[in-house]
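# Topology and contacts: notes
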Amino acid sequence: MTLTLRPRRDQVGLSDGQLLVDGKWRPAADGRTWTHRHPATGEEIGTFAVASTSDVDDAVRAARRAFDEGDWPNSRATTRIQLLHRFANLLREHAEELRGLQALDNGVPLSFSAGVYATSVGAAADVVDHHAGWVDKVGGQTLPPYQGGDHLAMTFREPIGVVAAILPWNAPFLLFAQKLGPALAAGCTVVVKPSEFASFTVLRMVELLGEAGLPDGVVNLVTGPGDPTGEALITHPLVDKVSFTGSRAVGRRIVEASAGTLKRVSLELGGKSPTLVFPDAPDVGMAAMTTMGTVTMGLSGQACVAHTRALVHRDVYDQFLGAAELLAGMVTYGDPFEPTTTASPLINTRQLERVLGFIERGRDGGARLVCGGERVAGDLAEGNFVRPTIFADVDNGMEIAREEIFGPVLAVVPFTDEDEAVRLANDTEYGLGAGVYTTDVKRAFRVARRLRAGTVGINGFQIEPHLPFGGFRQSGLGREGGQSAFEAYTELKTVLMPLTDEMM
Ligand code: NAD
């Protein structure tokens, strides 16, 4: 029987979405809406407002007023701390509902959003709690006068102002928390724009911020696609900072658009992260399954930090391929609400065509297709499902080893020694994550230090709320998580004052 998810809409309580401007929910001024089609079935699931340029202007002005005239930036530390903790607890209380909304948005199965920490509601709540902890701990310095004399020199960290937070569709819980947590903790006001492919989850998270007691205008929500909604936001002169997570192409556009008013910009972009598997790996089979898991389970490889390039020593190459193929056979598709479903469809038909194009060119280019490479047929033929795909004997110069495919495709490249492995790993335009599998502790740290990537996991990989996360090179600008993320929502101010009646 063909899969249908329409009944899940009522079960989860999804309702059509509006914009939030200055504490009031309202439709778009021109009445325009977007209809969301589910990636697993192609069915219409719900509609939400498309914010026009004038709606975005209203939202930015509301955030501007809340920043320039409101109490939030100068509120008592406990006001912000307690609000963020209340919000984190509301997220935890509504975890099941939020996971259901996400399944209706992007098709990520409940088995994954419940079981894998980084993509769970609990992780998002932990991120918010973590940032609440910085509110009263980040300060400036007091410095001695450089040229002698009798004056005081000191620095302060002040909130950066109005933040435009633009989110992708693949991990709305975590990415909402990673932006809104530090921005609100620092005293900024925000206009948030979710992806048009995962808006219902974010709409509910914004409602929960209201239930936590956030004053009107401090967070405003504009839904809609890049054109017109995103463009209106990134080009708005009253926005001080754009904090973006998404594709490299849109990241470049944001840097370009920011030039007009020299906005601050943080970018979390894509990757082509390598896993390096040495013959002395603690368990080559587990290394293969973990790597293949990052490109198949849950998000079907639609994760920025999926380890989509396996660099494997020739001595353990066949063993690695065998175990990766075994894992590929365990992936199951279907109703994301069923506990037996382990992986999601591709987000839309455009992405489906794109991934199939990479696979076709990989095959034509001479890489050996070990498994997968085609769509899932039968009852799921209406969905954007592609079978887990492994390419062996890949040359690192091939397109499938260089481009972020954002689908369930692993490229496996052989190597002979450590120097070659490091050279291949760094031969990429990206630099988000990397993994090293070895039991030689000296090699582990030697290689970790030589890799040009923001996060290197030795014999495993984790994203944790207190750790900086972000990319070298074209994987981004800046870091999320930890103190540096909080500081990225502040400006550093220097104040000087004489300690006598003499002027300086
Ligand atoms: P995307 O770049 O297509 O869209 C991201 C957001 O930007 C969406 O809200 C979209 O509506 C908006 N947008 C599109 N055009 C815009 C414009 N001209 N101006 C302003 N906003 C615009 O990305 P996506 O498909 O939603 O997400 C996938 C990408 O995100 C991948 O490249 C992935 O690697 C990356 N990603 C990175 C991280 C990280 O932390 N580094 C995390 C998750 C996803």
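Residues numbered from 1 in each chain as written. Predicted model: local features only at pLDDT ≥ 70, side-chain atom pairs only at ≥ 80, totals over all residues. Heavy atoms only, no water.

## A few points about the nonpolar core
Judged by nonpolar contacts, the single largest core of 109 residues is most densely connected at Leu 91, Phe 176, Val 192 and Phe 320. Sorting elements by how many residues they give to this core places helix α7 (residues 172-186) first, with 10 residues. With residues up to four places along the chain from it excluded, the contact list for Leu 91 reads Leu 98, Val 121, Ala 124, Ala 125, Val 128, Met 205 and Leu 208. Val 355, Met 398, Ala 411 and Val 447 belong to the second-largest nonpolar core, a separate cluster that totals 29 residues. (Core = buried A, V, L, I, M, F, W, Y, C linked by side-chain atoms within 4.5 Å. Buried < 20%, exposed > 50% of the residue type's maximum accessible area, 1.4 Å probe, protein only. Helix = DSSP H or I, 4+ residues; strand = E, 2+ residues; numbered from the N terminus. Contact = heavy atoms within 4.5 Å.)

## With respect to the sheet that holds strand β5 (residues 142-143)
Hydrogen bonds between backbone groups are what pair the strands of a sheet, and the pairing can be parallel or antiparallel. If you walk across this open sheet you meet the three strands as β5-β6-β20, and the pairing is antiparallel. Two strands in the sheet have a free side with no partner beyond their single neighbour: β5 and β20 (490-498). Bridging between strand β6 (residues 151-159) and β20 involves nine bridges; their strand directions are antiparallel. Each residue of the ladder has a partner; that of Met 154, found in β20, is Val 495. (Pairing = 2+ DSSP bridges.)

## Here we look at the pairing of strand β11 (residues 264-268)
By the criterion of burial, β11 is predominantly enclosed, with four of the five residues buried. Relative to β11, strand β10 (residues 241-245) is paired through five bridges, and the arrangement is parallel. When the sheet's bridge partners are listed, Lys 241 is paired in β11 with Arg 264. Two strands pair when backbone bridges link them, and β11 and strand β19 (residues 476-477) are joined in this way by two bridges, in the antiparallel orientation.

## Section: the site of the ligand
Taken together, the neighbourhood of the ligand is formed by 28 residues, with Leu 167, Glu 196, Ser 247, Leu 269 and Glu 404 sitting nearest. Take Glu 231: an N or O atom from its side chain is 2.9 Å from a nitrogen atom of the ligand. The contact in question runs from an oxygen atom of the ligand to an N or O atom on the backbone of Gly 246, over 3.3 Å. Out of a free accessible area of 850 Å², the ligand has 88% covered by protein chains. Those elements that place two or more of their residues in the shell around the ligand are α9 (226-234) and β10. When residues of the shell around the ligand are assigned to their parent elements, the largest contribution, four residues, is made by α9. (Near = heavy atom within 4 Å. Polar contact = N/O pair within 3.5 Å; in protein donor to acceptor, adjacent residues only side chain to side chain. Areas by Shrake-Rupley, 256 points an atom, 1.4 Å probe, with all protein chains shown as cover.)

## Examining helix α10 (residues 248-258)
Every α-helix carries 3.6 residues per turn, so stepping three or four residues along brings you back to the same face. Every buried residue belonging to α10 is among Arg 248, Gly 251, Ile 254, Ala 257 and Ser 258, and all of these are buried. On its buried face, α10 is in contact with α9, β10 and β11.

## Here we look at the UniProt feature "domain: Aldehyde dehydrogenase" (unreviewed entry) in the protein
The residues that UniProt annotates with the feature "domain: Aldehyde dehydrogenase" (unreviewed entry) are residues 25-495. Within the segment residues 25-495, helix and strand shares are 38% and 19% respectively, and the terminal C-alpha atoms sit 41 Å apart. (UniProt positions renumbered as here; feature names shortened; annotations may be inferred.)

## Here we look at unusual backbone geometry
Geometrically, the link from Asp 227 to Pro 228 is a cis peptide bond, its omega value of 15° lying close to zero. Relative to the elements of secondary structure, Pro 228 occurs in helix α9. One non-glycine residue, Leu 262, adopts positive backbone phi at about 50°. Secondary-structure assignment places Leu 262 in the loop between α10 and β11.

## So, the pairing of strand β17 (residues 433-437)
The element β17 is extensively covered by neighbouring structure, given that five of its five residues are classed as buried. Side chains Gly 433, Gly 435 and Tyr 437 project from β17 onto one buried face, and the interleaved Ala 434 and Val 436 project onto a second face that is buried too. Pairing geometry for strand β12 (residues 274-277) and β17, over three bridges, is parallel. In the sheet register, Leu 276 faces β17, and the bridge partner there is Val 436. Relative to strand β18 (residues 455-458), β17 is paired through four bridges, and the arrangement is parallel. For Ala 434, the partnering residue across the bridge sits in β18 and is Val 456. Regarding topology, helix α16 (residues 441-450) serves as the crossover connection from β17 to the parallel β18, and that connection is right-handed. (Right-handed = clockwise from strand over helix to strand, strands pointing away.)

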